[in-house]
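Here's the letter readout for the chains.
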Amino acid sequence: MRPISKSVRAELAADPFMTKCVLCTSTEVQWCHIFTYSQRQIDRSFNILPACKLHHDQATPHKNNYKKHIREQLEFIALRRMTTRDLADFPKKNWGMLSFYLARQAEKFGWL
């Protein structure tokens, strides 16, 4: 796991969005890295979401209680927080295809 840099940590600490789990609004949150790029976690504010312990564990692939749909919901939220500059900074990832897939999942499961 890659630690969150001090500058990003300060930015996130000042953001009121980071005080509640994005999936259940619990106030006991852990900050969760969502995407990786070149086999490293992306250390940017769009990529770190607040999640309660349950949802953080369910979104972590190597945990026993991993649930793909929880991971996809968090990816959908993180992707919607990205700017065009963020997209351009990571050109080798196919963001368009991922966005299309997650939008279809959001329609199918009613995440919107």
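Attention in this report is confined to the structure presented alongside it. Remember, predicted model here, so these are calculated numbers, not experimental data. Residue positions are given per chain, counting from 1 as you read along its sequence in written order. Given that this is a predicted model, residues contribute local features only at a pLDDT of at least 70 and side-chain atom pairs are listed and counted only at 80 or more, while totals for whole chains, interfaces and linings are drawn from all residues. Hydrogens and water molecules were not included; the side-chain quantities draw on all heavy atoms of the structure.

1. Digging into the packing of helix α3 (residues 68-81) against helix α5 (residues 95-109)
Interaxial distance between α3 and α5 falls to 10 Å at its minimum, and their mutual angle equals 120°. With respect to each other, α3 and α5 are oriented oblique. For the pair α3 and α5, the crossing hand works out as left-handed. Across the interface between the two elements, K68, E72, E75, F76 and L79 of α3 pack against W95, L98, S99, Y101, L102, A103, Q105 and A106 of α5. With axes taken as lines fitted to C-alpha atoms, and helix axes fitted only over the stretch in contact, angles between N-to-C directions fall between 0 and 180 degrees. Only DSSP runs of H or I covering at least 4 residues are called helices, and only runs of E covering at least 2 are called strands; the numbering of each starts at the N terminus. For classification, angles of less than 35 degrees are called roughly parallel, those exceeding 145 degrees roughly antiparallel, those between 65 and 115 degrees roughly perpendicular, and all remaining angles oblique. A clockwise turn of the near helix away from the far one marks a right-handed crossing, whereas an anticlockwise turn of less than a right angle marks a left-handed crossing. Two residues qualify as a contact provided that any one of their heavy atoms is within 4.5 Å of a heavy atom in the partner residue.

2. Digging into the packing of aromatic side chains
Pairing of aromatic side chains here covers Phe, Tyr and the six-membered ring of Trp, requires ring centres within 6.5 Å, and sorts the geometry by plane angle: under 30 degrees stacked, over 60 edge-to-face, intermediate tilted. Taken as a whole, this structure holds five aromatic pairs when the rule is applied. Their ring planes at 70° and their centres at 5.0 Å tell us that Y37 and F90 sit as a pair that is edge-to-face. You can see Y37 sitting in strand β2 (residues 36-37) and its partner F90 sitting in the loop between α4 (84-89) and α5, a full 53 residues away along the chain. The class for Y37 is buried, based on a relative accessible area of 18%. Joined through ring pairs, the aromatic side chains of Y37, F46 and F90 make up one cluster. Here, a charge over a ring is recorded when the distance from Lys NZ or Arg CZ to the ring centre is within 6 Å and its angle to the ring normal is within 35 degrees. Stacked on the ring of W95, the Lys or Arg K93 has its end atom at 5.7 Å from the ring centre. Working definition: with a 1.4 Å probe on protein chains only, accessible area under 20% of the residue-type maximum means buried, over 50% means exposed, and in between means partly exposed.

3. Quick word on the side chain of H55
Assignment of secondary structure puts H55 in helix α2 (residues 53-58). Every residue in contact with H55, bar those within four places of it in the chain, is listed here: C21, L23, C24 and I70.

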